[in-house]
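Each chain, written out:
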Amino acid sequence: MNSIEMQAAARATAVSDFLQEIMASADPIEGLGRDVTVIESVEAAVPRIDATFANQPDLQAAVRHTIGTTFSRLG
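No experiment lies behind these values; they were computed from the predicted model shown. (Residues numbered from 1 in each chain as written. Predicted model: local features only at pLDDT ≥ 70, side-chain atom pairs only at ≥ 80, totals over all residues. Heavy atoms only, no water.)

Asks: Hey, could you run me through the pattern of salt bridges in this one?
Replies: Pairs may arise between side chains of opposite charge once their charged atoms sit close together. As enumerated under the stated definition, the model contains three salt bridges in all. As a salt-bridge pair, Arg48 and Glu21 come within 2.5 Å of each other at their nearest N and O atoms. Note that Arg48 is positioned in the loop between helix H2 (38–45) and helix H3 (49–52) and Glu21 in helix H1 (residues 3–24), a separation of 27 residues in sequence. (Salt bridge = Lys/Arg side-chain N within 4 Å of Asp/Glu carboxyl O. Helix = DSSP H or I, 4+ residues; strand = E, 2+ residues; numbered from the N terminus.)

Rendered as structure tokens:
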């Protein structure tokens, strides 16, 4: 695997890990301690995007795009 492929894999992993963390927060046992909707989990994650992906605008954009698509599909 060359360095470009390794960087792409690392970016994909970072985005995937962040999104998995969002979905895990909907689990009342591991998450916020109560039944949480997907929308609540996603809304709670939005303010963390900038800090989590500081100086990584491409990753911020990827996460924001996924979150925007999620909001759109959930109505």
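Asks: In this structure, what is going on with the nonpolar core? I would like to understand it.
Replies: Across soluble globular proteins, you tend to see nonpolar side chains buried next to one another. Core analysis: the biggest nonpolar cluster contains 10 residues, these being Val15, Phe18, Ile22, Val42, Ala45, Ile49, Phe53, Leu59, Val63 and Ile67. Put simply, the parts of the chain that give this core at least two residues each are H1, H2 and helix H4 (57–74). With residues near it in sequence (within four places) discarded, Ile67 still touches Ile22, Val42, Val46 and Ile49. (Core = buried A, V, L, I, M, F, W, Y, C linked by side-chain atoms within 4.5 Å. Buried < 20%, exposed > 50% of the residue type's maximum accessible area, 1.4 Å probe, protein only. Contact = heavy atoms within 4.5 Å.)

Asks: I'm lost on the packing of H1 against H2 in this one. Help?
Replies: Helix packing for two helices is described by the angle between their axes and how far apart those axes are. Following both chains from N to C, one finds H1 and H2 inclined at 130°, their axes separated by 8 Å at the closest point. As judged from the angle between their axes, H1 and H2 are oblique. Between H1 and H2 the crossing geometry is right-handed. Here Phe18, Ile22 and Met23 of H1 come into contact with H2, specifically with Val38, Ser41, Val42 and Ala45. Classifying every residue of the contact of H1 with H2 gives six nonpolar, one polar and no charged. (Axes fitted to C-alpha atoms, helices over the stretch in contact; angles between N-to-C directions. Parallel < 35°, antiparallel > 145°, perpendicular 65-115°, else oblique. Left-handed = near helix turned anticlockwise from the far one by under 90°. Nonpolar A, V, L, I, M, F, W, Y, C, P; charged D, E, K, R; others polar.)

Asks: What is the right way to look at the environment of Leu19 in this model?
Replies: Structurally, Leu19 is set in helix H1. Leu19 sits 23 residues away from Val42 along the chain, and the two C-alpha atoms are 8.8 Å apart. Ignoring any residue separated from it by four or fewer positions in sequence, one finds Leu19 in contact with Val63 and Thr66.

Asks: Please clarify how a nonpolar patch on the surface should be interpreted in this entry.
Replies: Where nonpolar side chains cluster on the molecular surface, the patch consists of Met23, Val38, Ile39 and Leu74 and spans about 300 Å² of accessible area. Secondary-structure assignment places Ile39 in helix H2. (Patch = residues over 30% accessible without salt bridge, like charges linked within 9 Å, V, L, I, M, F, W, Y side chains within 5 Å. Areas by Shrake-Rupley, 256 points an atom, 1.4 Å probe, with all protein chains shown as cover.)

Asks: Could you clarify how one ought to interpret H1 in this entry?
Replies: Counting along an α-helix, one turn takes 3.6 residues, and residues three or four places apart therefore face a common direction. For H1, spanning 22 residues, the distance from its first C-alpha to its last is 31 Å, which sits close to the expected 32 Å at 1.5 Å a residue. Looking only at H1, the buried set comprises Val15, Phe18 and Ile22. For H1, the angular spread of buried residues about the axis comes to 60°, placing them on one side. Along its buried surface, H1 packs onto H2, H3 and H4. For H1, the side-chain oxygen to backbone nitrogen distance between the N-cap and Ile4 is 3.0 Å, and the N-cap itself is Asn2. (Expected span 1.5 Å × (residues − 1). Arc of directions from axis to C-beta. Polar contact = N/O pair within 3.5 Å; in protein donor to acceptor, adjacent residues only side chain to side chain.)

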